[in-house]
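Observations on chain architecture
Here is how the chains run, residue by residue.
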Amino acid sequence: MTRSGTRSGTRSPSLRWPDRRDPTVIAHDHRFVRQWLTMTVRGVRSAYGEGEFAVAIAMPIVFALGFYLPLRVVMSEQGVDYAQFLMPIIVLQAVAFTAIAAAQRSALDKLRGMNRRLSSMPVAALVPFTARMTTSLVRSAVSIATALLFGALLGFGFSGGVAGAVGFVLFALAVGGVLAMAADSLGILARGPEATSQLLILPQLVLGLLSTGFVPESSFPEWARLFARNQPISHFAATMRDLADGSLTAETAAPALIWLAALAVVFSGLAYLAQQRRRSYP
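I will try to describe carefully the structure that is included in this document. Remember, it's a predicted structure, so these values are computed and weren't measured experimentally. (Residues numbered from 1 in each chain as written. Predicted model: local features only at pLDDT ≥ 70, side-chain atom pairs only at ≥ 80, totals over all residues. Heavy atoms only, no water.)

Topic: the overall build of the chain
Regarding its fold elements, the chain presents 11 helices and zero strands. Listed by position from the N terminus, the elements making up the chain come as α-α-α-α-α-α-α-α-α-α-α. Considering only residue pairs separated by 6 or more positions, the chain has 79% of its internal contacts joining residues 24 or more positions apart. With an accessible surface of roughly 15200 Å², the chain has 67% of that area assigned to carbon and sulfur atoms. (Helix = DSSP H or I, 4+ residues; strand = E, 2+ residues; numbered from the N terminus. Contact = heavy atoms within 4.5 Å. Areas by Shrake-Rupley, 256 points an atom, 1.4 Å probe, with all protein chains shown as cover.)

Concerning the environment of Arg45
In this fold, Arg45 is placed in helix H2 (residues 31-49). Residue classification places Arg45 among the exposed positions, given a relative accessible area of 64%. Along the chain, Arg45 and Thr135 lie 90 residues apart, while their C-alpha atoms are 9.5 Å from each other. (Buried < 20%, exposed > 50% of the residue type's maximum accessible area, 1.4 Å probe, protein only.)

Overview of H2
Its 19 residues place the ends of H2 27 Å apart at the C-alpha level, agreeing with the 27 Å of an ideal helix rising 1.5 Å per residue. Buried within H2 are the following residues: Gln35, Met39, Thr40, Gly43, Ser46 and Ala47. Considered in projection along H2, the buried side chains sweep an arc of 130 degrees and stay on one side of the axis. In H2, the exposed positions that point more than 90 degrees away from the buried face belong to Thr38, Arg45, Tyr48 and Gly49. (Expected span 1.5 Å × (residues − 1). Arc of directions from axis to C-beta.)

Brief notes about the packing of helix H7 (residues 161-189) against helix H10 (residues 232-245)
The contact between H7 and H10 brings their axes to 8 Å, and the two run at 160 degrees. Taken together, the axes of H7 and H10 are roughly antiparallel relative to one another. In terms of crossing hand, the pair formed by H7 and H10 is left-handed. Residues Gly164, Gly167, Phe168, Phe171, Ala172 and Val175 of H7 touch H10, and the partners they reach there are Phe236, Thr239, Met240, Leu243 and Ala244. The residue inventory of the contact of H7 with H10, partitioned by class, reads eight nonpolar, three polar and no charged. (Axes fitted to C-alpha atoms, helices over the stretch in contact; angles between N-to-C directions. Parallel < 35°, antiparallel > 145°, perpendicular 65-115°, else oblique. Left-handed = near helix turned anticlockwise from the far one by under 90°. Nonpolar A, V, L, I, M, F, W, Y, C, P; charged D, E, K, R; others polar.)

What to know about the packing of helix H9 (residues 222-230) against H10
Packing of H9 against H10 leaves a shortest axis separation of 4 Å and a crossing angle of 60 degrees. Taken as axis vectors, H9 and H10 run oblique relative to one another. For the pair formed by H9 and H10, the contact residues are Ala228, Arg229 and Asn230 on the first element and Pro232, Ser234 and His235 on the second. Considered class by class, the residues forming the contact of H9 with H10 number two nonpolar, three polar and one charged.

Comments concerning a nonpolar patch on the surface
Where nonpolar side chains cluster on the molecular surface, the patch consists of Leu202, Val206, Leu207, Leu210 and Phe227 and spans about 410 Å² of accessible area. Per element, the largest residue contribution to the nonpolar patch is three residues, and it comes from helix H8 (residues 193-209). The topology assignment puts Leu202 in helix H8. (Patch = residues over 30% accessible without salt bridge, like charges linked within 9 Å, V, L, I, M, F, W, Y side chains within 5 Å. Salt bridge = Lys/Arg side-chain N within 4 Å of Asp/Glu carboxyl O.)

Focus: the packing of aromatic side chains
Summed over all chains, the structure comprises nine aromatic pairs. When the ring of Phe67 is compared with that of Phe214, the centres are 4.0 Å apart and the planes differ by 20 degrees; the resulting orientation is stacked. Here Phe214 lies in the loop between H8 and H9 and Phe67 lies in helix H3 (residues 52-77), a separation of 147 residues in the sequence. The burial state of Phe67 is the same as that of Phe214; both residues are buried. With centroids separated by 6.3 Å and ring planes inclined at 15 degrees, the aromatic side chains of Tyr82 and Phe85 adopt a geometry described as stacked. With Tyr82 and Phe85 both in helix H4 (residues 82-111), this residue pair falls three residues apart, about one helical turn. A residue is classified by how much of its surface remains accessible, and Tyr82, at 3% relative accessible area, is buried. Given the relative accessible area of 12%, Phe85 is considered buried. (Phe/Tyr/Trp six-rings, centres within 6.5 Å; stacked < 30°, edge-to-face > 60°.)

A look at the nonpolar core
Ile90 and Phe236 are the most contacted members of the largest nonpolar core, which has 50 residues in total. With 11 residues, the single largest contributor to this core is H4. Beyond its immediate stretch of four places on either side in the chain, Phe236 contacts Leu92, Phe171, Val175, Ala256, Trp259, Leu260 and Leu263. Residues Ala99, Ile100, Ala103 and Leu200 belong to the second largest nonpolar core, which totals five residues. (Core = buried A, V, L, I, M, F, W, Y, C linked by side-chain atoms within 4.5 Å.)

None of this, on its own, says anything about what the molecule does.
Here's what the structure looks like:
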């Protein structure tokens, strides 16, 4: 063999690296998708191994039983089908607890040095955040499915047909995604998982209990009705209730969509701030 690497006068094939300036090469480079899939699978497996899906299944059942059993007789005396009335807020509480899990996950990734490690690797900037959001949506989907299956046993149903059911689930996932985005950001900015739980559990419980999701507005004292009627959880529950019944109107949907859009804008800004600051944490 000669120095040029030929044998019997035949030139050996040379190795050519792809030219990344070539648009056709960039078009076939799905690095972000591959990295996102890899980290999402990692997040889902980790969540399964640490029992997060078990909690996602148990929480809507516990909430439904905790409110349905003691209040169904009282509500039926007022002419309220309590299973139909209650399930939207049960779904909302379930996705809110999923958001708390998202906060704990991002806080643990920070403490374990995962954020710093990924920052030093050729990983697209938004891949970790996007993968955590996808994992949260998977947990939310499991929790929503559990709530609806258990609700069906209690008597909940979709009289609004397929469109109402799809709208119900998509709206719940949208709320869960917005809450998970805020919780994930707080997990990065807070000192640890314990701090995130303290920051998130109390507002969730207060807003849930002081809403028209568990009881009608008439059940509140006069001084509390204005807040209970106009806060976002009440609007979310009313919209989902009307979607399930097939009676949604613009008057009901508009406040819920405005609240959801406003929260999405605020929490997107918080997420951007958290992603900008994440390299400064150990």
